[in-house]
2 protein chains.
Amino acid sequence: MENKVYETIVGRRSIRAFQPRQVEQEALDAVLRAGLYAPCGRGSQLVTLVAVQDPAVRARLTAMNAAVMGTDGDPYYGAPTIVVALASPERPTWVEDGSCALAVMMEAAHALGLGSCWIHREREMFDSDEGKALLQAWGVPAGMRGVGALALGYPAGEAPKAPERRPGRIFKV
Amino acid sequence: MENKVYETIVGRRSIRAFQPRQVEQEALDAVLRAGLYAPCGRGSQLVTLVAVQDPAVRARLTAMNAAVMGTDGDPYYGAPTIVVALASPERPTWVEDGSCALAVMMEAAHALGLGSCWIHREREMFDSDEGKALLQAWGVPAGMRGVGALALGYPAGEAPKAPERRPGRIFKV
């Protein structure tokens, strides 16, 4: 099936090596906009996105994430931008909604020549007192919880190849 | 920003009215394939997809979903195909993984001229004895739980317009 849009969507791979150059505002805005248009339960539009480019804040998130992980590396793979997705547990589908926003942003980033990787542990990070204080300082409405985050930037090195798909995952009835 | 792939991704809307004609196998296979290539935690590839086109099975899922909902309508909006996403709770990110598969399949379906809508309540449906018996009859590995499903088909009527985006959902730091 020759369909460039379809092939681009399927061809996205998670990127774990990034160029140092920062994501421009126009490209970042486009990625975030895609997240706002992701599907969400009952059209609630409660997923909230925090784009972090400030090096000091980025370093703080790195330290917080690594602490949850029990390491001292950079769980965000050196990406110059981190996009955190938060959602409000007042909606029973808050995890699903946040996940959809992250998945659609990953596809949009790929379409724009950017690379991304879903990084986890933001639930623990923003459930902590330190995380809640950060959200408050940023002006994020109270009660939001972390769903996940993207490491975002321009890919470095060769494009990763997809491992073979595990068989037995599709059933038709 | 002129980018057809990006605009298609952002332009997807949830479709709630479908033509009666069935989704062809080639198009269905392409949608399912996109789900297999969606991002997932630690490359686990444990999300499993069940595509339902058999009218009797479809009617049964409709009745089960409506019962969870407490109605007697068709929660799948008359779509000729239902794609159920299941995942294994052995992975802590099973809901996130299933959600990513559903979101990427929605984008792929849109790229292929199909329409879809995320339908919920498959967790309750396939946690029930009736649902577990169906999964077993279909040959789905034991222990899988429902994450969600897509109503899938060719859109009928005018393309829905996106409601305005709720403000205050993006923060930059």
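Use the structure listed above.
Residues numbered from 1 in each chain as written. Chains lettered and ligands numbered in written order. Predicted model: local features only at pLDDT ≥ 70, side-chain atom pairs only at ≥ 80, totals over all residues.

Asker: How would you sum up the relation of the copies chain B and chain A? Please name residues and give values.
Answerer: By a simple turn and slide, chain B fits onto chain A: the slide is 0.0 Å along the axis, the RMSD is 0.0 Å, and the turn is 180°. Put plainly, the chains are arranged around a two-fold axis. Considering only C-alpha atoms, the part of chain B nearest the rotation axis is Val-5 of chain B, at 2.5 Å. Of all interface residues in chain B, 100% are interface residues in chain A too; the two copies therefore contact each other through one and the same surface. (Least-squares fit on C-alpha atoms with pLDDT ≥ 70 in both. Contact = placed C-beta atoms within 7 Å.)

Asker: With reference to specific residues and values, describe the interface of chain B and chain A.
Answerer: With 56 residues of chain B at the interface, the matching set in chain A holds 56 residues. Those elements giving two or more residues to the side of chain B that touches chain A turn out to be helix H1 (4-11), helix H2 (25-36), strand E1 (48-52), helix H4 (94-111) and strand E5 (170-172) of chain B. The biggest single contributor to the side of chain B that touches chain A is H4 of chain B, with 10 residues. Residues that form the side of chain B that touches chain A fall into these classes: 34 nonpolar, 12 polar and 10 charged. In terms of strand pairing, strand E1 (residues 48-52) of chain A meets E5 of chain B through 3 bridges, oriented parallel. (Helix = DSSP H or I, 4+ residues; strand = E, 2+ residues; numbered from the N terminus. Nonpolar A, V, L, I, M, F, W, Y, C, P; charged D, E, K, R; others polar. Pairing = 2+ DSSP bridges.)

Asker: An account of the environment of Ala-159 of chain B is requested, with residue identities and associated values reported.
Answerer: All names here are of chain B. Summarising the element assignment, Ala-159 is placed in the loop between strand E4 (145-153) and E5. Its 10 C-beta neighbours within 10 Å are what place Ala-159 among the exposed residues. The spatial distance from the C-alpha of Ala-159 to the C-alpha of Arg-21 is 18 Å, given a sequence separation of 138 residues. (Buried ≥ 20, exposed ≤ 12 C-beta atoms within 10 Å, placed from the backbone.)

Asker: An account of the pairing of strand E4 (residues 145-153) of chain A is needed here, citing residue identities and associated values.
Answerer: Residues and elements named next belong to chain A. With 8 of 9 residues buried, E4 is to be regarded as a mostly interior element. Here 7 bridges tie strand E2 (residues 81-87) to E4, and the two strands are oriented antiparallel to one another. From the neighbouring strand, Thr-81 faces E4, where its bridge partner is Leu-152. Bridge count between strand E3 (residues 115-119) and E4: 5 bridges; the pairing is antiparallel. Opposite Ile-119, over in E4, you have Ala-149 as the bridge partner.

Asker: Requested: an account of the sheet that holds strand E3 (residues 115-119) of chain B, with residues and values cited.
Answerer: The strand order E5(A)-E1(B)-E2(B)-E4(B)-E3(B) describes an open sheet built from 5 strands, whose pairing is mixed. Of all the strands in the sheet, just strand E5 (170-172) of chain A together with E3 of chain B have a single pairing partner and so form its edges. Geometrically, the sheet is characterised by an average inter-axis angle of 20° between neighbouring strands, direction not taken into account. With respect to the sheet, H4 of chain B is in contact with E1, strand E2 (81-87), E3 and E4 of chain B, its orientation differing from that of E4 of chain B by roughly 5°. (Axes fitted to C-alpha atoms, helices over the stretch in contact; angles between N-to-C directions.)

Asker: Please provide a residue-by-residue account of the packing of helix H4 (residues 94-111) of chain A against H1 of chain B, values included.
Answerer: Running from amino to carboxyl end, H4 of chain A crosses H1 of chain B at an angle of 165°, the nearest separation of the two axes being 8 Å. It follows from the interaxial angle that H4 of chain A and H1 of chain B lie roughly antiparallel. Of the two elements, H4 of chain A crosses H1 of chain B, and the hand of that crossing is left-handed. Counted together, Val-104, Glu-107, Ala-108 and Ala-111 of chain A of H4 of chain A and Val-5, Tyr-6, Ile-9 and Val-10 of chain B of H1 of chain B form the full contact between these two elements. Of the residues contributing to the contact of H4 of chain A with H1 of chain B, the split by class is 7 nonpolar, no polar and 1 charged. (Parallel < 35°, antiparallel > 145°, perpendicular 65-115°, else oblique. Left-handed = near helix turned anticlockwise from the far one by under 90°.)

Asker: For the pairing of E1 of chain B, give the residues involved together with the corresponding values.
Answerer: Residues and elements named next belong to chain B. Extensive coverage of E1 is indicated by the burial of 5 of its 5 residues. Taking every second residue as pointing to the same face, both faces of E1 are buried, with Thr-48, Val-50 and Val-52 on one and Leu-49 and Ala-51 on the other. Where E1 meets E2, 5 bridges bridge the pair, whose relative direction is antiparallel. Its bridge partner lying in E2, Ala-51 is registered against Val-83.

Asker: Describe the sheet that holds E2 of chain A, with residues and values.
Answerer: Read from one edge of the open sheet, 5 strands run E3(A)-E4(A)-E2(A)-E1(A)-E5(B), paired in mixed fashion. Strands with a single pairing partner mark the edges of an open sheet, and in this sheet they are E3 of chain A together with E5 of chain B. The sheet shows a mean angle of 20° between the axes of neighbouring strands, direction not considered. The strands touched by helix H2 (residues 25-36) of chain A within the sheet are E1, E2 and E4 of chain A together with E5 of chain B, with E1 of chain A carrying the most contacts at an inclination of about 160°. The sheet contacts of H4 of chain A involve E1, E2, E3 and E4 of chain A, and relative to E4 of chain A the element is tilted by about 5°.

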